[in-house]
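The chain contents come next:
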Amino acid sequence: MNEKKSFYVIGMSCAGCAANIQQALSERKGVIEARVNFAASDVIVEYNPALVSDKDLQKTVQEAGYDLLLENETEPEQAEILQREAYDKLRRKTIGALLLSLPVFVIGMFFMHMPYGNWIMLGFTLPVLLVFGRDFFINAWRQLKHGHANMDTLVAVSTGVAFLFSLFNTLWPTYWTDRGLEAHIYYEAAAVIIALILLGRLLESRAKSNTSTAIRKLIGLQPKEVIRILEDGTEQVIPIKAVQPGDILLVKPGDKIPVDGSVTEGVSFVDESMITGEPVPVEKVPGTHVYTGTINQKGSFKFMAEKVGSETILAQIIKMVQEAQGSKAPVQQLVDRIAAIFVPAVIGIAALTFIGWMIAGGELAFTHALLTSVTVLVIACPCALGLATPTAIMVGIGKGAENNILIRDAQSLEQLCKVQAVVLDKTGTITEGKPVVTDIFWNPGIDLRHSMEVLLFMESRSEHPLADAVVLHLTEEGIKTNLKGEFNSLTGQGIQGVINGESYFVGNRRLLEMNGISRESEQAEQADACSLEGKTVVYFADSKQVLALIVIADRMKPGSVKAIERLQAEGIEVYMLTGDNRITARAVADSIGLKHFKAEVMPSDKADFVKELQQQGKIVAMAGDGINDSQALAQADVSIAMGKGSDIAIDVAKITLITSDLNAIPKAWALSKQTVAAIRQNLFWAFIYNLIGIPLAAGILYPCCGFLLNPMIAAAAMAFSSVSVVTNSLRIKAKKI
């Protein structure tokens, strides 16, 4: 069986590096697919463990001139430490290079004829290249040994040529002066190029770190230590990694739940909003499930660990977000192909530029040839192209995760904004999937207040899900009860109570029949009418007669109307599918302003309906929460699962909403639109930058206006291009969805 893992990559400096690593891994026997994310400095590899091991993958990457961090993907602390250390190291190098480049720049630009000026500049430039900029040369040499080229190659060649030419002119200036030419020095170009590119990478690194804030927030939900209860009842504090399935753990008020499990002892309320998006704390009693990262409220309880490490719901969410951030939008495939040949192409252009100037440059042919070829090498930026798509994808998917929208891959994120029709399952998607009392028809002539108190007494002691709806309804009516009596649960029928010697019953029609209680004809008609509308009827009776008909139904979600209105306002057709009869379906559709619906739909019919819309040329999104929706979800162009739905629906869907609020769908659509817009803007500017910058650097304007681009300006422009692309992607975070 194939495995899919995420590894942190060490040593990437540009999009060309990502292309080299991806090619090396893809050619390895046993690797099915490798996706390198330059923006996140990681690679997701799907491989056959019988043919290739993690160590083999690491060796393959090392042979390409880089390295992999072999660490479990759900424990990214080591990767974060390495990123932080790399950032601090880069910061020190940048500050050092800027401080030493400043005097070189001042002398080279304003005091070029001062005594010993060349030697002073040489003294300052040497440490800039050999200390602060040595990684450029080391990485370029390493890539050359493996037959590759990357951004470091461009920097090393351009600054190296400028420095060596300047060094020659410092040591042997008479070679030029004897021929009536000036011995030009370009130390300031070499030093400032290194300093500016380091500064650009520092800004880029800082900006890129902001694209992964969603992952860090999710990881921060899990506590580092837990309290384990030993067999003798004593408490032991252990690290989270030491927890095993079957351990009994103690959770105190205010603590975060460390792993997934089931409550064994105690009662409390747990805030599950960070997992489900629901603001109301959920009651936890023995037998109920608790989930990693949720926060215990007032009570203490013990629970048995069932899923730990990478098996927890939180770990699965983190993994899904990580994989989605590493996935590639279809447009990225073209960019990857360009990035793979970009550096060799630029070196070729620089060589042609040098030859062209040597042939047609006149007296200053060599000087112009050297300057223009160095400028071409410096201004070219594969990084802007390489960062254009992944940074936008990372920010978009991260923002989705913060808004309870889990997007499984970049393709779904790109496709969602193109959707023309949204198909919604009714129960649990449009409606709450939770019973509420819509009506209580009381028998005239009874003591209403006393009857309501009796009903509240009985239902408040029942464990049936429908009982909670009745208790909530009566409580909202202001009913309280101090009654005392006997209570008995009757499996499959309902409940029985005895108060002041009188027997009372709450349950189904079978309960009435078993106890010889008959319905009046008007009550029977009312019950049948409600049943035809898809509503549930619960009977409340004493030993002689039916006291009330309690009508319970699935209520509309508060956000459903607004969500459907918003989608329809954007020109998207919204369809409701339900297994209910046509009368019930029509009533629901009318109540929420829905124009299109289909009733009495079987699970296979849902998939056929989606296919029917697709055959009309529409791009279709399907949203559902049940096992019966999984076939239609698989058929849809974009599949959306409501987070409280079945595991199968969530597994099939490409987008999961960890909330019951249907407004998350138009939010996801808006997020998709913003992300795709950012990708297009990034790619446009990245391509335009290189299309304009490289010819300008080659001196295309010199024949008409005598303009040559300074290599230092080219270095600043190159650094700015990458930073601007990342910054533009980060704008998604500030936009409202």
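Computed from a predicted model, the values in this text were never measured in an experiment. (Residues numbered from 1 in each chain as written. Predicted model: local features only at pLDDT ≥ 70, side-chain atom pairs only at ≥ 80, totals over all residues. Heavy atoms only, no water.)

1. Things to note about the overall build of the chain
For clarity, the cut-off: Where helices and strands are cited, they refer to DSSP runs of H or I of at least four residues and of E of at least two residues respectively, numbered from the N terminus. Partly exposed residues are those whose accessible area sits between 20% and 50% of the maximum for their type, while under 20% is buried and over 50% is exposed, using a 1.4 Å probe and protein chains only. A contact between two residues is defined here by any heavy atoms of the two lying within 4.5 Å. The Shrake-Rupley method, run with a 1.4 Å probe, gives the accessible areas here. Residue values count only the displayed protein chains as cover.
Along the chain, the regular secondary structure elements total 28 helices and 26 strands. Across the 737 residues in the chain, those meeting the buried criterion constitute 52%. Pairs at least 24 apart in sequence give 69% of the contacts found in the chain among residues at least 6 apart. Accessible surface, the chain: about 33500 Å² in total, of which carbon and sulfur atoms supply 56%.

2. Quick notes on the sheet that holds strand E25 (residues 638-642)
Note the following rule: Two strands qualify as a pair provided DSSP detects at least 2 bridges between them. Interaxial angle, 0 to 180 degrees, is taken between N-to-C directions of lines fitted to C-alpha atoms, where a helix line uses only the stretch in contact.
Ordered in space as E14-E26-E25-E24-E15-E22-E23, the 7 strands form an open sheet in which the pairing is mixed. What marks the edges here is a single partner per strand, and that holds for strand E14 (405-407) and strand E23 (596-598). Strand-to-strand twist in this sheet, taken as the mean axis angle between neighbours without regard to direction, amounts to 20 degrees. Against the sheet, helix H26 (residues 664-697) engages E14, strand E15 (421-425), strand E24 (620-624), E25 and strand E26 (655-657), with an angle of about 50 degrees to E14.

3. Details of the pattern of salt bridges
Rules: In what follows, salt bridge is the name for a side-chain nitrogen of Lys or Arg lying within 4 Å of a carboxyl oxygen of Asp or Glu.
A complete count under the given rule lists 12 salt bridges for this structure. Salt-bridge contacts for Lys-5 lead to Asp-54; the nearest nitrogen and oxygen are separated by 2.9 Å. With Lys-5 in strand E1 (residues 3-10) and Asp-54 in helix H2 (residues 54-63), the pair connects residues that are 49 residues apart, well separated along the chain. In this structure, Lys-544 engages Glu-502 in a salt bridge whose closest nitrogen and oxygen atoms are separated by 3.5 Å. Of this pair, Lys-544 sits in the loop between strand E20 (536-542) and strand E21 (546-556) while Glu-502 sits in strand E19 (residues 502-507); the two residues are 42 residues apart in sequence, bridging distant segments of the chain. For Lys-544, a relative accessible area of 61% puts it in the exposed group.

4. A few points about the sheet that holds E1
Reading across the sheet, the 4 strands line up as E2-E3-E1-E4 and stay open at both edges, with antiparallel pairing between neighbours. Each edge of the sheet is formed by a strand with only one pairing partner; in this case those strands are strand E2 (31-37) and strand E4 (67-69). Averaged over all pairs of adjacent strands, the angle between their axes in this sheet comes to 35 degrees, without regard to strand direction. Sitting on the sheet, H2 touches E1, E2, strand E3 (42-47) and E4, and the angle it makes with E4 is about 145 degrees.

5. A short note on the UniProt feature "transmembrane region" (unreviewed entry) in the chain
Using the following cut-off: UniProt positions are given in the numbering used here, feature names are shortened, and annotations may be inferred rather than shown by experiment.
Following the UniProt record, the feature "transmembrane region" (unreviewed entry) maps to residues 94-113, 119-141, 153-172, 184-203, 338-360, 366-389, 683-702 and 708-730 here. For the annotated span residues 94-113, helix accounts for 85% and strand for 0% of the residues, and the straight-line distance between the end C-alpha atoms is 28 Å. For residues 683-702, helix accounts for 80% and strand for 0%, while the C-alpha atoms at its two ends are 28 Å apart.

6. Remarks on the confidence of the model for the chain
Applicable threshold: Residue-level confidence of the predictor is what pLDDT reports, using numbers from 0 through 100.
Per-residue pLDDT for the chain has a mean of 82; in total, 87% of the residues score no lower than 70. Least confident of the elements in the chain is helix H25 (residues 647-652), whose mean pLDDT is 57; most confident is strand E7 (residues 248-251), at 93.

7. A short note on the packing of aromatic side chains
How we decide: Stacked, edge-to-face and tilted labels apply to pairs of Phe, Tyr and Trp rings (six-membered ring for Trp) whose centres lie within 6.5 Å, assigned for plane angles under 30 degrees, over 60, and everything in between, in that order.
According to the stated counting rule, one finds 10 aromatic pairs in the structure shown. Between Tyr-504 and Phe-540 the ring centres are 6.2 Å apart and the planes differ by 25 degrees, which places this aromatic pair in the stacked class. Of the two residues, Tyr-504 sits in strand E19 while Phe-540 sits in strand E20, which places them 36 residues apart along the sequence. In this structure, Tyr-504 and Phe-540 share a single accessibility class: buried. When the ring of Phe-684 is compared with that of Trp-685, the centres are 5.1 Å apart and the planes differ by 80 degrees; the resulting orientation is edge-to-face.

8. Comments concerning the pairing of strand E13 (residues 301-307)
Note: E7 against E13, 4 bridges, orientation antiparallel. Counterpart to Ile-248 in the pairing with E13 is Met-304.

9. A short note on the side chain of Thr-312
Selection rule: Pairs of N or O atoms within 3.5 Å make up the polar contacts considered here, provided that, within protein, one atom can donate a hydrogen while the other can accept it, and that residues adjacent in sequence are counted only when both atoms are side-chain atoms.
Within the fold, Thr-312 resides in the loop between E13 and helix H11 (313-326). For Thr-312, the side chain forms a polar contact with the main-chain oxygen of Gly-309, separated by 3.3 Å. Apart from residues no more than four positions distant in its own chain, Thr-312 is found in contact with Val-259, Asp-260, Thr-292 and Lys-307.

10. Structural notes on the packing of helix H4 (residues 117-132) against helix H6 (residues 151-171)
A pair of packed helices is characterised by two quantities: the angle between their axes and the separation of those axes. Let me state the cut-off plainly: Each angle gets one of four labels, with under 35 degrees taken as roughly parallel, over 145 as roughly antiparallel, 65 to 115 as roughly perpendicular, and the rest as oblique. Handedness of a helix crossing follows the sense of rotation of the near helix relative to the far helix, less than a right angle counterclockwise being left-handed and clockwise being right-handed. Classification convention: Asp, Glu, Lys, Arg as charged; Ala, Val, Leu, Ile, Met, Phe, Trp, Tyr, Cys, Pro as nonpolar; all other residues, Gly among them, as polar.
Where H4 contacts H6, the two axes come as close as 11 Å, and the packing angle between them is 150 degrees. Relative to H6, H4 is oriented roughly antiparallel. As H4 runs across H6, the sense of the crossing is left-handed. For the pair H4 and H6, the contacting residues are Asn-118, Trp-119, Leu-122, Thr-125, Leu-126 and Leu-129 in the first and Thr-159, Phe-163, Leu-167, Thr-170 and Leu-171 in the second. Class assignment of the residues belonging to the contact of H4 with H6 gives a composition of 7 nonpolar, 4 polar and no charged.

11. Looking at the environment of Leu-466
By secondary structure assignment, the location of Leu-466 is in helix H18 (residues 465-476). Separated by 30 residues in sequence, Leu-466 and Val-436 place their C-alpha atoms 7.7 Å apart. Discounting residues that sit within four places of it in the chain, Leu-466 has contacts with Pro-435, Thr-536, Val-538 and Ile-552.

12. Some details on the nonpolar core
Note the threshold: Here the nonpolar core consists of buried residues drawn from Ala, Val, Leu, Ile, Met, Phe, Trp, Tyr and Cys, with membership extended through side-chain atoms lying within 4.5 Å.
With 119 residues, the main nonpolar core has Leu-57 and Leu-424 as its most contacted residues. Looking at this core, the element that brings in the most residues is H26, giving 13 residues. If we ignore the near neighbours within four places in the chain, the residues touching Leu-424 are Thr-429, Ile-430, Ile-564, Val-574, Tyr-575, Met-576, Leu-577, Ala-623, Leu-662 and Ile-665. Listed in part, the 26 residues of the second largest apolar core include Ile-446, Val-454, Val-506 and Leu-547.

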